[in-house]
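Residues per chain are reported as follows:
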Amino acid sequence: MFDIYEIEWVNAIYQIAAFLVLLMLLKKFAFGPIMDMMEKREQHVADQIASAEKNRADAEKYLAEQREAIQAARQEAKDIVENSKKMSDQQANDIVQGAKKEAERLKQTALAEINTEKEQAISALREQVSTLSVLVATKVIEKELDEKEQEKLIQDTLREVGEDL
Amino acid sequence: MDSHFLKVDLFGIPWLTVNVPNLILTTVAMAIVFFVTFFMSRKIQMYPTGAQNALEYLVQFIKNVISSTMDWKQGKNFIMLGITIILYVFVANMMGVPFELATADHDVWWNSPTSNPVLTISLAAFIIILTHIYGLKLKGPKEYGKDYFRPAFFMAPFKVIEDLSNTLTLGMRLYANIYAKEMIMVMLVGLGASGVFWAFGAFIPLVVFQAFSVFIGSLQAFIFCMLTMVYMAHKVSEEH
């Protein structure tokens, strides 16, 4: 029943040779390019994921930086406002102080002037008094009053003048 | 069924018998595989569409089959082998499903080439030999030789028997499934052709059996590919 001559060796060898050729052809023309593309896509996806991750990290870093910058700006603004407030307070103080000092100075000057005027007035008066007394004396002499009366007159006049002052 | 094939003794030498229809059918199966995949893979883009998706799915499927049996380090060598096996066996299995051609005196001209035991067993033998070649290549002659005496020295004869039985079972499983399918299909068709009543009576079973044939063909192609990878893993994987 089983005859070695019945086995179709040519078919078997032909099939295997054709199988190998088919394998080569499929690799060269169909599945080679497809597997290359699959590999490339895998690489592409991996790259994309890596770059996305990197971008995210960068974005986070920038965000933190921005936040810090905003914080710093806010602090600076606060400082500026505070400084200007302080400065304005000081300026107001200075102005008030200056005004007070000026007023004091003016007052002192005025007082000094008043005193000077007073002194001047007194001295002027004294001069006048002496002039007047000379005049009075002249008049009294003209009237030929006695010594006592003249003295009394001078004293009276002086007192009167002094009371006026 | 006394169907037979046109056989020619090449150059009149008795042991150079050629089964002409089978020769043609093998070629046709391979041509179908090549041209279908060739035209499916004409437009390869980074963003796959239609046909490219289907082929990539197939590649991924074979990758999964290989990954389930061995390390990817060795497995990457066998993707093309797995793809070619599954496509060729699948197409060969399918060829007999829609129709069969035979002359009036039962000279068959069109059926599944895998219903011929010579072809399936020779393919299986080729694969077993390939596992040895890759075992030698990937592990080195020393490790390959040592494998015969693992786990014990007296295992060596069994290892040789295992290779022979693997060849036989791998080939016979495919052949028997497809041959039985062909037989039943021919009988159902013969029944349907035998009379008007039977034409109606056999139609529904024939449709059902054709669907089942598609299932058997796909399953056998998958099993053939899977077992190839299992045997390959036996020979090339570093430890068990």
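Quick caveat, the model's predicted, so the values are computed rather than measured. (Residues numbered from 1 in each chain as written. Chains lettered and ligands numbered in written order. Predicted model: local features only at pLDDT ≥ 70, side-chain atom pairs only at ≥ 80, totals over all residues. Heavy atoms only, no water.)

Time to look at the overall build of chain A. Across its full length, chain A carries 2 helices and 0 strands. Compactness check: chain A gives a C-alpha radius of gyration of 63 Å against a globular reference of 15 Å for 165 residues, more than 25% above the reference. Considered along the principal axes of its C-alpha atoms, chain A spans approximately 205 × 25 × 10 Å. Roughly 13600 Å² of accessible area belongs to chain A as shown, and the carbon and sulfur atoms make up 58% of that amount. (Helix = DSSP H or I, 4+ residues; strand = E, 2+ residues; numbered from the N terminus. Rg over C-alpha atoms; globule rule 2.2 N^0.38 Å. Areas by Shrake-Rupley, 256 points an atom, 1.4 Å probe, with all protein chains shown as cover.)

Moving on, we get to the side chain of B:K235. Residues and elements named next belong to chain B. Among the structural elements, K235 can be located in helix α7 (residues 196–236). Residue classification places K235 among the buried positions, given a relative accessible area of 15%. The contact partners of K235, leaving out residues within four places of it in the chain, are T131, H132, G135, K139, Y144, D147 and D163. (Buried < 20%, exposed > 50% of the residue type's maximum accessible area, 1.4 Å probe, protein only. Contact = heavy atoms within 4.5 Å.)

Glancing now at the UniProt feature "transmembrane region" (unreviewed entry) in chain B. All names here are of chain B. UniProt tags residues 20–40, 78–97, 117–136, 183–208 and 214–233 as "transmembrane region" (unreviewed entry). For residues 78–97, the helix share is 85%, the strand share is 0%, and the end-to-end C-alpha distance is 29 Å. For the annotated span residues 183–208, helix accounts for 92% and strand for 0% of the residues, and the straight-line distance between the end C-alpha atoms is 15 Å. (UniProt positions renumbered as here; feature names shortened; annotations may be inferred.)

With that settled, consider the nonpolar core. A:F19, A:L26, A:F31 and B:I83 are the most contacted members of the largest nonpolar core, which has 57 residues in total. Contributing elements (two or more residues each) for this core: α1 (9–143) of chain A together with α1 (20–40), α2 (50–67), α4 (79–95), α5 (117–146), α6 (156–193) and α7 of chain B. With near-sequence residues (within four places) excluded, A:F31 lies in contact with A:L26, B:T37, B:L55, B:L58, B:V59, B:M80, B:I83 and B:L87. (Core = buried A, V, L, I, M, F, W, Y, C linked by side-chain atoms within 4.5 Å.)

The positions UniProt marks with the feature "transmembrane region" (unreviewed entry) are residues 12–31 of chain A. Helix makes up 100% of residues 12–31 of chain A and strand 0%, whereas the separation of the span's terminal C-alpha atoms amounts to 26 Å.

Taken together, the contacts link 30 residues of chain A with 43 residues of chain B. On the chain A side of the contact with chain B, A:E8, A:Q15 and A:F19 bury the most area, a combined 19% of that side's loss. Where chain A packs against chain B, one counts 1 salt bridge. For A:R41, the salt bridge goes to B:E56, with nearest N and O atoms at 2.8 Å. Linking chain A to chain B there are 7 residue pairs in polar contact (both at pLDDT 80 or more). By residue class, the composition of the side of chain A that touches chain B is 22 nonpolar, 3 polar and 5 charged. (Buried area = accessible area lost by both parts, 1.4 Å probe. Salt bridge = Lys/Arg side-chain N within 4 Å of Asp/Glu carboxyl O. Polar contact = N/O pair within 3.5 Å; in protein donor to acceptor, adjacent residues only side chain to side chain. Nonpolar A, V, L, I, M, F, W, Y, C, P; charged D, E, K, R; others polar.)

Here the focus is the pattern of salt bridges. Counted according to the given criterion, the structure contains 9 salt bridges over all chains. Here A:D58 and A:K54 are joined by a salt bridge, their closest N and O atoms 3.9 Å apart. In this pair, A:D58 and A:K54 both sit in helix α1, 4 residues apart, roughly one turn of the helix. Take A:D58: its relative accessible area is 28%, and that puts it in the partly exposed class. For A:K54, a relative accessible area of 53% translates into the label exposed. Of the charged contacts, one joins B:E182 and B:K181 as a salt bridge, the two residues approaching to 3.5 Å between their closest N and O atoms.

To continue, consider the UniProt feature "coiled-coil region" (unreviewed entry) in chain A. Under the UniProt annotation, the feature "coiled-coil region" (unreviewed entry) is placed at residues 35–120 of chain A. Taken as a whole, residues 35–120 of chain A contains 100% helix and 0% strand, while its terminal C-alpha atoms sit 123 Å from one another.

As a further point, take a nonpolar patch on the surface. Where nonpolar side chains cluster on the molecular surface, the patch consists of B:L6, B:I24, B:F99, B:L101 and B:W109 and spans about 420 Å² of accessible area. Topologically, B:W109 is positioned in strand β4 (residues 108–110). (Patch = residues over 30% accessible without salt bridge, like charges linked within 9 Å, V, L, I, M, F, W, Y side chains within 5 Å.)

Both the distance between ring centres and the angle between the ring planes are used here to describe each pair of aromatic rings. Tallied over the entire structure, the rule returns 14 aromatic pairs over all chains. Between B:F78 and B:Y134, the ring centres sit 4.8 Å apart and the planes meet at 85 degrees, which makes this aromatic pair edge-to-face. With B:F78 in the loop between α3 (72–75) and α4 and B:Y134 in helix α5, this pair connects stretches of sequence that are 56 residues apart. B:Y134 sits in the buried class, given a relative accessible area of 19%. Ring plane angle 90 degrees and centroid distance 5.6 Å describe the contact between B:Y144 and B:Y148, whose orientation is recorded as edge-to-face. The buried category is assigned to B:Y144, whose relative accessible area is 15%. Through a chain of ring-to-ring contacts, the aromatic side chains of A:F29, B:F34, B:F35, B:F38 and B:F39 assemble into a single cluster. Looking at A:K28, its charged tip hangs above the ring of A:F29, at a distance of 5.4 Å from the centre. (Phe/Tyr/Trp six-rings, centres within 6.5 Å; stacked < 30°, edge-to-face > 60°. Lys NZ or Arg CZ within 6 Å of the ring centre and 35° of its normal.)

Our next topic: the packing of α4(B) against α7(B). If you want to describe how two helices pack, look at the angle between their axes and the distance between the axes. All names here are of chain B. As a packed pair, α4 and α7 sit with axes 9 Å apart at the nearest point and diverge in direction by 155 degrees. By the angle between their axes, α4 is roughly antiparallel relative to α7. Remark: the crossing between α4 and α7 carries right-handed chirality. Of α7, the residues touching α4 (which contributes L81, G82, I85, I86, V89, F90, N93 and M94) are S213, V214, G217, S218, Q220, A221, F222, F224, C225, T228, M229 and M232. (Axes fitted to C-alpha atoms, helices over the stretch in contact; angles between N-to-C directions. Parallel < 35°, antiparallel > 145°, perpendicular 65-115°, else oblique. Left-handed = near helix turned anticlockwise from the far one by under 90°.)

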